[in-house]
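Commentary on secondary and tertiary structure
So the chains spell out like this:
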Amino acid sequence: MIRSILSWSTALLVLCSGLLASCDDKDEGGGGNPPAPSVTLAVGDAASNTLKFTLTLSDADKCTYVCTKSSEAVPSAEKILADGKSVTASGLITIGDLEPSTTYRLSAVASNGKVNGKVETIEHTTSAPDVHPAVVLTPGTPTSTTLSFTAALTDPETAAYV
């Protein structure tokens, strides 16, 4: 009798532990949606005929971008992917052969395999010819031990900060 109760208890314990393990909340990779690829854009230096932008990719294996005048319509993701230039890592890009004193729009789409993110845009203006160098500081996110900023330079030869 005691042996029978122990056998049934053991079987019940094994059954309960199997049921609890099957109710685990972890995503085993079967049905969860992967994060959408994205790109963050930031303006960089400006000169009379060039603009610099920083692209930061997240959950993406590539990013495709186009640069158009800001007066033109924002291109669709399909148009950007078909006509744009692609990069495979975050970094600084330089757009050249631009007109002075003109505002341009950088439009970019990040992708990961066949999954495309949404179109991100940012505008930046080339400087007028023969403009004196200038620095525009944009504050970053301060912490208790660091202070960050972005320095956008207009027609610089060199720049330094302390």
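Anyway, here's the lowdown on the structure attached to this text. (Residues numbered from 1 in each chain as written. Predicted model: local features only at pLDDT ≥ 70, side-chain atom pairs only at ≥ 80, totals over all residues. Heavy atoms only, no water.)

1. Quick notes on the overall build of the protein chain
Looking only at helices and strands, the protein chain features 2 helices and 10 strands. Ordered by position from N to C terminus, the α and β elements of the protein chain give α-β-β-β-α-β-β-β-β-β-β-β. Taken across its 162 residues, the protein chain has 24% of its residues classed as buried. Put simply, of all contacts in the protein chain between residues at least 6 apart along the chain, 62% involve residues at least 24 apart. For the protein chain, the accessible area works out to roughly 11100 Å², and carbon and sulfur atoms hold 57% of it. (Helix = DSSP H or I, 4+ residues; strand = E, 2+ residues; numbered from the N terminus. Buried < 20%, exposed > 50% of the residue type's maximum accessible area, 1.4 Å probe, protein only. Contact = heavy atoms within 4.5 Å. Areas by Shrake-Rupley, 256 points an atom, 1.4 Å probe, with all protein chains shown as cover.)

2. A short note on the nonpolar core
Ranked by internal contacts, the top residues of the largest apolar core, which has 18 residues, are V39, L55, Y65, I93 and L106. Those elements that provide at least two residues to this core are β1 (38-46), β2 (51-58), β3 (62-69), β5 (91-95) and β6 (103-112). Leaving out residues up to four positions away in the same chain, L55 has contacts with V39, T40, L41, C63, Y65, V87, S90, G91, I93 and L106. (Core = buried A, V, L, I, M, F, W, Y, C linked by side-chain atoms within 4.5 Å.)

3. Concerning the pattern of salt bridges
When the charged atoms of two side chains lie near each other, side chains of opposite charge can form a pair. Using the criterion set out here, one finds 4 salt bridges in the structure. Residue E123 is joined to R105 by a salt bridge in which the shortest nitrogen-to-oxygen separation is 3.3 Å. Pair noted here: E123 is in strand β8 (residues 120-125) and R105 is in strand β6, with a separation of 18 residues, a long-range link. Residue classification places E123 among the partly exposed positions, given a relative accessible area of 44%. (Salt bridge = Lys/Arg side-chain N within 4 Å of Asp/Glu carboxyl O.)

4. What about the pairing of β1?
The pairing of β1 with β2 spans 7 bridges and is antiparallel. Bridging from a neighbouring strand, V43 pairs with F53 of β2. Taking the residues between adjacent antiparallel strands as the criterion, β1 and β2 are bridged by 4 residues. (Pairing = 2+ DSSP bridges.)

5. Side note on the environment of N49
Among the secondary structure elements, N49 is positioned in the loop between β1 and β2. A relative accessible area of 39% places N49 in the partly exposed class. Taking C-alpha positions, N49 is 7.7 Å from S127, a pair spaced 78 residues apart along the chain.

6. A word on a nonpolar patch on the surface
On the surface, V135, L137 and F149 cluster together into a nonpolar patch covering about 290 Å² of accessible area. Relative to the assigned elements, F149 resides in strand β10 (residues 149-154). What makes F149 partly exposed here is its relative accessible area of 38%. (Patch = residues over 30% accessible without salt bridge, like charges linked within 9 Å, V, L, I, M, F, W, Y side chains within 5 Å.)

7. Digging into unusual backbone geometry
Notably, D59 is not glycine yet its phi reads approximately 55°, a positive angle. Inspection of the secondary structure assignment puts D59 in the loop between β2 and β3. Unlike most non-glycine residues, D97 shows phi in positive territory, near 60°. Its place among the elements puts D97 in the loop between β5 and β6. The exposure class of D97 is exposed, given its relative accessible area of 80%.

8. Quick look at the side chain of S107
Within the secondary structure, S107 is located in strand β6. We classify S107 as buried; its relative accessible area is 0%. In this view, S107 contacts T64, Y65, V66, V74, P75, I80, V119, E120 and T121; residues no more than four positions away in its chain are not counted.

None of this, on its own, says anything about what the molecule does.
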